[in-house]
Amino acid sequence: MNENDRHMNGLFSLPKAREGYMRHRLTADGNGAIRLKMKKGAFLFVCVAASALPGCVQVSAPDKPIVINLNIAIRQEVLYRLDQASKEVIEENSEIF
Amino acid sequence: MALNEKMKDRIEMAVAALLIGAAVAGSGAMAQRDPAYQQARADGLIGEKTDGYLGFVTPPSPAVKALVDDLNIKRKAKYTEEALANGATVEEMAFRTGCRLIKERTAPGEMYQAPDKSWKTRDASPPVVDVRCP
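Residues numbered from 1 in each chain as written. Chains lettered and ligands numbered in written order. Predicted model: local features only at pLDDT ≥ 70, side-chain atom pairs only at ≥ 80, totals over all residues.

Colleague: Quick one: what's the story with the overall build of chain A, residue by residue and with numbers?
Modeller: Within chain A one finds five helices and zero strands. What you see in chain A, going N to C, is helices and strands ordered as α-α-α-α-α. Scored against the burial criterion, the 97 residues of chain A give a buried share of 5%. (Helix = DSSP H or I, 4+ residues; strand = E, 2+ residues; numbered from the N terminus. Buried ≥ 20, exposed ≤ 12 C-beta atoms within 10 Å, placed from the backbone.)

Colleague: Can you tell me about the interface of chain A and chain B, naming the residues and giving the values?
Modeller: Each partner contributes to the interface: chain A provides 21 residues, whereas chain B provides 23 residues. For the side of chain A that touches chain B, the element with the most residues is helix α5 (residues 83-92) of chain A, which contributes seven residues. (Contact = placed C-beta atoms within 7 Å.)

Colleague: Explain the packing of helix α2 (residues 35-42) of chain B against helix α3 (residues 62-86) of chain B to me, and be specific about the residues and the numbers.
Modeller: All names here are of chain B. At a minimum axis distance of 11 Å, the contact between α2 and α3 shows a crossing angle of 105 degrees. Compared by their axis directions, α2 and α3 come out roughly perpendicular. Between α2 and α3, the contacting residues are Ala36, Tyr37 and Ala40 on the first element and Val64, Leu67 and Leu71 on the second. (Axes fitted to C-alpha atoms, helices over the stretch in contact; angles between N-to-C directions. Parallel < 35°, antiparallel > 145°, perpendicular 65-115°, else oblique.)

Colleague: So what's going on with α3 of chain B? Which residues, and what values?
Modeller: Here α3 of chain B contains 25 residues, and its C-alpha end-to-end distance of 36 Å stays within 8% of the 36 Å for a straight helix at 1.5 Å per residue. Val64, Leu67, Arg75, Lys78, Tyr79, Glu82 and Ala83 of chain B are the residues of α3 of chain B that are buried. (Expected span 1.5 Å × (residues − 1).)

Colleague: Pulling in residues and values, what's your account of the sheet that holds strand β3 (residues 111-113) of chain B?
Modeller: All names here are of chain B. Across the sheet, which stays open at both edges, the four strands sit in the order β2-β1-β3-β4 with mixed pairing between neighbours. If you trace the sheet from one side to the other, it starts and ends with β2 (54-56) and β4 (119-121), each paired once. Strand-to-strand twist in this sheet, taken as the mean axis angle between neighbours without regard to direction, amounts to 45 degrees. With respect to the sheet, α3 is in contact with β1 (46-48) and β2, its orientation differing from that of β2 by roughly 155 degrees. (Pairing = 2+ DSSP bridges.)

As far as function goes, none of this settles anything; it's purely spatial.
So, in structure tokens, the structure goes:
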């Protein structure tokens, strides 16, 4: 049994203490935990990665003006419906027709 | 006595209302075309287009152009009013009225526009109108 083995088997051996300490630093929610630093780092990494991705959807203003066609087709059923209105508009404004 | 006075007032008001109504109706029926407009129609300088507005058969004089522009603006105002009231577009209202104007309000000798955009002189036979005209 050498020096090292003795340490490993002991109740408060140095390697075990170090391992415990590191676990505490990485996972515990104690003050100044490394986990917090890792979280911040990961967030920063996602931001940078997202902005650098080539597959992002590109939205750009069209170079041609937007044209809205107001040339609405004449609806046949509406023409039938306007029978009375067209008659009245002529009778009531005969001076302009 | 007081009742009598009231009734007298009412009768007077009713008579006045009737007289005003008759005057308004009379003026409506009396509305005539401007003589210059009537003349331009009769001379074939202007004609009814298929879209419900007046058009120039020959290049117009400034006076005729002003006359027609004014009438077309007034027509459009009326078409807009009626279109709104009937859930139609202004173009639909104008077109429908145009069909009627060509069929019912062009006298023989006056000009109208055929669906192919050519000007035709109205005669005793039925005018050539757009197939969409009801």
